[in-house]
Amino acid sequence: MKFLDVSQIDFLIQYLEHLHEKKLYNKDHTALLLNCYVKQKNLEKFEQFLNNLPSLSSEIFDTQAAVKECRDLKHIDLALKLAL
């Protein structure tokens, strides 16, 4: 999977963001996108993405994964907000 290479991560992010814009995503796409943001240490995009999700339903969003990513980014406030 060449897109998991760090040099290709921007293309992967663009692809995953496009899937979300077109409402063609599933929770695996969401988890992968959040992981990409973490890998880039892009807290601003991570938080913006979470705030723009239409819902935090378990069908399209893995709350536990997002909380873990927030903790990995050392953003405890956001992790607490998601956990509640």
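Keep in mind it's a predicted model, so treat the numbers as computed, not measured.

### Notes on the side chain of H20
Piece 1. Assignment of secondary structure puts H20 in helix α1 (residues 9-21).
Piece 2. Within the structure, H20 has its side chain in polar contact with the side chain of T30 (distance 2.8 Å).

### What to know about the layout of surface pockets
Piece 1. Its volume calculated, the largest pocket comes out at about 260 Å³.
Piece 2. Going through the elements one at a time, α1 and α3 (43-52) are the ones with two or more residues in the lining of the largest pocket.
Piece 3. In terms of residue count, the dominant contributor to the lining of the largest pocket is α3 (four residues).
Piece 4. Of the residues that constitute the lining of the largest pocket, the class distribution is five nonpolar, three polar and four charged.

### A closer look at the packing of α3 against helix α5 (residues 76-83)
Piece 1. Where α3 meets α5, the axes come as close as 12 Å, and the angle between the chain directions of the two elements is 20 degrees. Classified by the angle their axes make, α3 and α5 are roughly parallel. The way α3 lies across α5 gives a crossing that is left-handed. From α3, F46, E47, L50 and N51 reach across to α5, where they touch L78, K81 and L82.
Piece 2. Considered class by class, the residues forming the contact of α3 with α5 number four nonpolar, one polar and two charged.

### Some details on unusual backbone geometry
Piece 1. Of note in the backbone geometry, K23 takes a positive phi value of approximately 60 degrees without being a glycine.
Piece 2. Mapped onto the elements, K23 comes out in the loop between α1 and α2 (27-39).
Piece 3. On the accessibility criterion, K23 (59% relative accessible area) is exposed.

### Observations regarding α1
Because an α-helix packs 3.6 residues into every turn, residues spaced three or four apart end up facing the same way.
Piece 1. Taking 1.5 Å of rise per residue, 13 residues should cover 18 Å, and α1 covers 18 Å from first to last C-alpha, within 8% of that figure.
Piece 2. When we look at burial in α1, the residues that qualify are I9, L12, I13, L16, E17, L19 and H20. Viewed along the axis of α1, the buried residues span an arc of 155 degrees, placing them on a single side of the element.
Piece 3. A positive phi of about 60 degrees marks K23, the residue just after α1.

### What to know about the pattern of salt bridges
Piece 1. By the definition in use, this model includes two salt bridges.
Piece 2. A salt bridge links K45 to E17; the nearest nitrogen and oxygen atoms lie 3.0 Å apart. Within this pair, whereas K45 is found in helix α3, its partner E17 is found in helix α1, the two being separated by 28 residues in sequence.
Piece 3. K45 sits in the partly exposed class, given a relative accessible area of 30%.
Piece 4. Using a relative accessible area of 18% as the deciding quantity, one classes E17 as buried.
Piece 5. For D72, the salt bridge goes to K68, with nearest N and O atoms at 2.9 Å. Pair noted here: D72 and K68 are both in helix α4 (residues 63-72), with a separation of four residues, about one helical turn.
Piece 6. Residue class for K68 comes out partly exposed when judged on its relative accessible area of 40%.

Cut-off values and rules
- Residues numbered from 1 in each chain as written.
- Predicted model: local features only at pLDDT ≥ 70, side-chain atom pairs only at ≥ 80, totals over all residues.
- Heavy atoms only, no water.
- Helix = DSSP H or I, 4+ residues; strand = E, 2+ residues; numbered from the N terminus.
- Polar contact = N/O pair within 3.5 Å; in protein donor to acceptor, adjacent residues only side chain to side chain.
- 1 Å grid on protein atoms, 1.4 Å probe; cavity = no way out; pocket = protein on both sides within 12 Å on 5 of 7 lines; lining within 4 Å.
- Points joined across faces, edges and corners; volume = space filled by probe spheres on them.
- Nonpolar A, V, L, I, M, F, W, Y, C, P; charged D, E, K, R; others polar.
- Axes fitted to C-alpha atoms, helices over the stretch in contact; angles between N-to-C directions.
- Parallel < 35°, antiparallel > 145°, perpendicular 65-115°, else oblique.
- Left-handed = near helix turned anticlockwise from the far one by under 90°.
- Contact = heavy atoms within 4.5 Å.
- Buried < 20%, exposed > 50% of the residue type's maximum accessible area, 1.4 Å probe, protein only.
- Expected span 1.5 Å × (residues − 1).
- Arc of directions from axis to C-beta.
- Salt bridge = Lys/Arg side-chain N within 4 Å of Asp/Glu carboxyl O.

On their own, these measurements won't tell you what the molecule is for.
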